[in-house]
Amino acid sequence: MTETLAGGQPADHGELAKRVRFHPFVDGPTRKLVRSWIEREPAHPVPWAPLTKPLSACRVALVSSAGIARHDQPPFDQERERRDPWWSDQSWRPIPLGTTEADAGIYHLHIDPRFGAQDLDCVLPLRRLQELSADGVVGGAAATHYSFMGYILQPRQLLASTAPAITARMAAEAVDVALLVPV
Amino acid sequence: MIPEFTASVGAPRVAGIEFPFGRPLGLPGDRAGQRAVLTAALEVISRARTPGTVIQLPFTWPQSPRDARADPPVPPPIVQLIKRKPWLAVKLLARDIPDPRQPTAN
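Engineer: Describe the overall build of chain B, listing the residues and the values that go with them.
Structural biologist: From N to C terminus, chain B includes five helices and two strands. Radius of gyration (C-alpha) of chain B: 18 Å, far over the 13 Å computed for a compact globule of 106 residues. Each of the three principal axes of chain B carries a C-alpha extent, and together these read 50 × 35 × 30 Å. At a minimum sequence separation of 6, the contacts of chain B that also span at least 24 residues come to 48%.

Laid out in structure tokens, this is it:
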């Protein structure tokens, strides 16, 4: 990825929180929770890596927070989260291009996993990305894509070790664009 | 999806979409729809010119919120805990997260 050249001003969190008034598919308690967290989120300088070439020349990697692990990888630790609901597994899994719903499970405990289990492209659109690559819309699909668990309440490990490990692997594979896909 | 939340943590470019949780690209088997969403999300990367840009994608979910509702097979552990101990909701709202306990020995 391109080196970060400039940082933006932090967003006004009070204004962002007010905008979470109505989302048709988000229930009232979740909206209340999210507003409260936005208001408490410390201001961050926004990192910025300018896109220096057209998408049609960029190698793209996808990152999903669905907690996807292949059957030949260790599963995410749902049992410990069940024992301690404040805890989250903050590890990550590399997901090779070509992985399908037949090869992997979805471990996020806060969503209905049936859609992604039926069609992995609902949460990690690897086949759609390959199609865009074949049609020249993007320059290429990276060999490796990534997943970690969503709903991490205290993301210390995610920031300190998981994110740097993922970005290092992306850099080693000459990835130009990372698209994070929340669930 | 809640783009305001994503923007608040400092994401450089955010594509918002009014789709239900668990299927951000669209319905299972809807190849054309998934492709359109992925293409539009990638275009945000080239369209955004300033850090923190949020662009709302122009897609409409084909079901009503009632019909689209899909919960996890069992309520998430934190939801079960708050049901048992409602006073802990204050800590969750305040993001006052207890330090993790040591793993329970088997």
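Engineer: Before we move on, can you summarise the pairing of strand E9 (residues 177-181) of chain A with the specific residues and values?
Structural biologist: Residues and elements named next belong to chain A. Side-chain alternation along E9 places Val177, Leu179 and Val181 on a buried face and Ala178 and Leu180 on a face that remains uncovered. Of the pairings in the sheet, the one linking strand E3 (residues 59-64) to E9 comprises five bridges and is parallel in character. Along E9, the bridge assignment pairs valine 60 with valine 177.

Engineer: Account for the domain arrangement of chain A, with residues named and values stated.
Structural biologist: By convention, interface size is frequently given as the accessible area that disappears when the constituent parts associate. Under the domain assignment used here, chain A contains domain 1 (6-48) and domain 2 (55-181). The C-alpha centroid of domain 2 of chain A is placed 23 Å from the C-alpha centroid of domain 1 of chain A.

Engineer: Give me the lowdown on the interface of chain A and chain B, citing residues and values where you can.
Structural biologist: Facing the 57 residues of chain A at the interface are 51 residues of chain B. For the side of chain A that touches chain B, the secondary-structure elements that each account for two or more residues are strand E1 (6-8), helix H1 (13-19), helix H2 (28-40), strand E2 (46-48), helix H3 (78-83), helix H4 (114-118), helix H5 (126-134) and E9 of chain A. In terms of residue count, the dominant contributor to the side of chain A that touches chain B is H2(A) (six residues). Of the residues that constitute the side of chain A that touches chain B, the class distribution is 35 nonpolar, nine polar and 13 charged.

Engineer: So what about the nonpolar core? Which residues, and what values?
Structural biologist: Counting residues in hydrophobic clusters, the biggest one holds 56 residues, and the most contacted among them are A:Val60, A:Ala61, A:Val123 and A:Leu124. Ranked by the residues each element gives to this core, the list is headed by helix H2 (residues 31-47) of chain B, at five residues. Taken domain by domain, the makeup of this core includes at least three residues from each of domain 1 (6-48) and domain 2 (55-181) of chain A. Beyond its immediate sequence surroundings of up to four residues, A:Ala61 is in contact with A:Ala142, A:Thr144, A:His145, A:Tyr146, A:Met170, A:Val175 and A:Ala178.

Engineer: Could you give an account of the pairing of strand E2 (residues 53-56) of chain B, naming the residues involved and the relevant values?
Structural biologist: Residues and elements named next belong to chain B. The pairing of strand E1 (residues 13-16) with E2 spans four bridges and is classified as parallel. Following the sheet pairing, alanine 15 is matched in E2 by isoleucine 55. Assessed by its sense of winding, the connection that carries the chain from E1 through H2 to E2 is left-handed.

Engineer: So what's going on with unusual backbone geometry? Residues and values would help.
Structural biologist: A positive phi angle, close to 55 degrees, is found at A:Tyr151, a residue other than glycine. By the element assignment, A:Tyr151 lies in the loop between strand E8 (144-148) and helix H6 (156-172).

Engineer: Before we move on, can you summarise the packing of H5(A) against H2(B) with the specific residues and values?
Structural biologist: Contact geometry for H5(A) and H2(B): axes closest at 10 Å, N-to-C directions at 70 degrees. Here H2(B) runs roughly perpendicular to H5(A), going by the angle between their axes. Handedness of the H5(A)/H2(B) crossing: right-handed. Two secondary-structure elements touch here, H5(A) through A:Arg128, A:Leu129, A:Glu131 and A:Leu132 and H2(B) through B:Gln34, B:Arg35, B:Leu38 and B:Thr39. By residue class, the composition of the contact of H5(A) with H2(B) is three nonpolar, two polar and three charged.

Engineer: Go over the confidence of the model for chain A, please, and point to the residues and values.
Structural biologist: Of all residues in chain A, 94% attain a pLDDT of 70 or more, and the chain-wide mean is 92. Across residues 1-6 of chain A, where pLDDT falls below 50, the model places 17 contacts with residues more than four positions away in sequence or in other chains.

Definitions and limits used
Residues numbered from 1 in each chain as written. Chains lettered and ligands numbered in written order. Predicted model: local features only at pLDDT ≥ 70, side-chain atom pairs only at ≥ 80, totals over all residues. Helix = DSSP H or I, 4+ residues; strand = E, 2+ residues; numbered from the N terminus. Rg over C-alpha atoms; globule rule 2.2 N^0.38 Å. Contact = placed C-beta atoms within 7 Å. Buried ≥ 20, exposed ≤ 12 C-beta atoms within 10 Å, placed from the backbone. Pairing = 2+ DSSP bridges. Domains from an automatic or database assignment. Nonpolar A, V, L, I, M, F, W, Y, C, P; charged D, E, K, R; others polar. Core = buried A, V, L, I, M, F, W, Y, C linked by C-beta atoms within 7 Å. Right-handed = clockwise from strand over helix to strand, strands pointing away. Axes fitted to C-alpha atoms, helices over the stretch in contact; angles between N-to-C directions. Parallel < 35°, antiparallel > 145°, perpendicular 65-115°, else oblique. Left-handed = near helix turned anticlockwise from the far one by under 90°. pLDDT = per-residue confidence, 0-100.

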